[in-house]
Structures are given as C-alpha cells and as structure tokens.
Amino acid sequence: MFILELTYTSPLDRIDALLDSHVAWLDEHYAAGVFIASGRKEPRDGGVILAVGDDRAVIEKLAATDPFVVNGVCAYRITEFLATKVAPRLTAYQQTLGG
C-alpha cells in the first residue's frame, strides 16, 4: 500500500483551475481499484491519496500522470507501507509481512 502526499508548489488559484481534471483523474483510478481514499490536507497546502499496489514504480508512473504534476503545480512524496493491521471493513487490503 502507498501513501501519496501532494504538496502544492503554486498558488491556490492555479490549483483550483486544474481541480476538475485532477478529480477526473482520481475518479479514473478509484474505478480501477487503485485508490481507496483521498482528500485535502488542512491547512490546504496539498492532499493525500491512499493507493493499493505492489509495485512502487507503477505508482510513481501513475502519480506522474496527475494533471497537477503534468502542469507543474504540485510535488509528490510517496511512502510505501505494509497494512498488516486494518479495521474489519478494510480486510480486503490487509497485507502480510514477507520473508
């Protein structure tokens, strides 16, 4: 699983101008089953996306297609973690330690 942390690098008016295309991009990846949660940070200086997957390179390539990135208004920090403990409603996303 991955935490994708977005940090805005441009003023909010530039972010807002791209918001519809960013939301459409989010919707596409929710429909594909990759994204399971997302939202704005408070204060509003970026956002967070929870993504499922096993390949960091795939997630990095996906993040590079975000309209915010394509238009140079945000930077991503991607953190991979193993969700070994989850709430009962999230058992489909529970992972085990390898090795």
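**Student:** Could you clarify how one ought to interpret the packing of aromatic side chains in this entry?
**Tutor:** Given two aromatic rings, one states the distance between the centres and the angle between the planes to describe the pair. Within the structure shown, the criterion is met by 3 aromatic pairs. Each ring, one from Tyr 30 and one from Phe 35, has its centre 6.1 Å from the other, and the planes form 85°; the classification is edge-to-face. Here the aromatic cluster, defined as three or more aromatic residues joined through ring pairs, consists of Trp 25, Tyr 30 and Phe 35.

**Student:** Whenever I open this one, the pairing of strand β3 (residues 46–51) confuses me. Can you help?
**Tutor:** Sheet topology note: the strand β1 (residues 2–8)/β3 ladder contains 6 bridges and is antiparallel. By the bridge assignment for β3, Phe 2 is matched with Ala 51. As defined by bridge partners, strand β2 (residues 35–40) adjoins β3 across 5 bridges and the pair is classed as antiparallel. Opposite Ala 37, over in β3, you have Leu 50 as the bridge partner.

**Student:** Whenever I open this one, the nonpolar core confuses me. Can you help?
**Tutor:** Nonpolar side chains in soluble globular proteins generally cluster together in the buried interior. Ranked by size, the top nonpolar core spans 18 residues in total, and within it Leu 4, Phe 35, Ile 49 and Phe 68 carry the most contacts. For this core, the secondary-structure elements that each account for two or more residues are β1, α1 (12–31), β3, α2 (56–63) and β4 (74–80). When sequence neighbours within four positions are dropped, the list of residues in contact with Phe 35 reads Trp 25, Leu 26, His 29, Tyr 30, Ile 49, Leu 50, Ala 51 and Leu 62.

About the criteria used
- Residues numbered from 1 in each chain as written.
- Predicted model: local features only at pLDDT ≥ 70, side-chain atom pairs only at ≥ 80, totals over all residues.
- Heavy atoms only, no water.
- Phe/Tyr/Trp six-rings, centres within 6.5 Å; stacked < 30°, edge-to-face > 60°.
- Pairing = 2+ DSSP bridges.
- Helix = DSSP H or I, 4+ residues; strand = E, 2+ residues; numbered from the N terminus.
- Core = buried A, V, L, I, M, F, W, Y, C linked by side-chain atoms within 4.5 Å.
- Buried < 20%, exposed > 50% of the residue type's maximum accessible area, 1.4 Å probe, protein only.
- Contact = heavy atoms within 4.5 Å.

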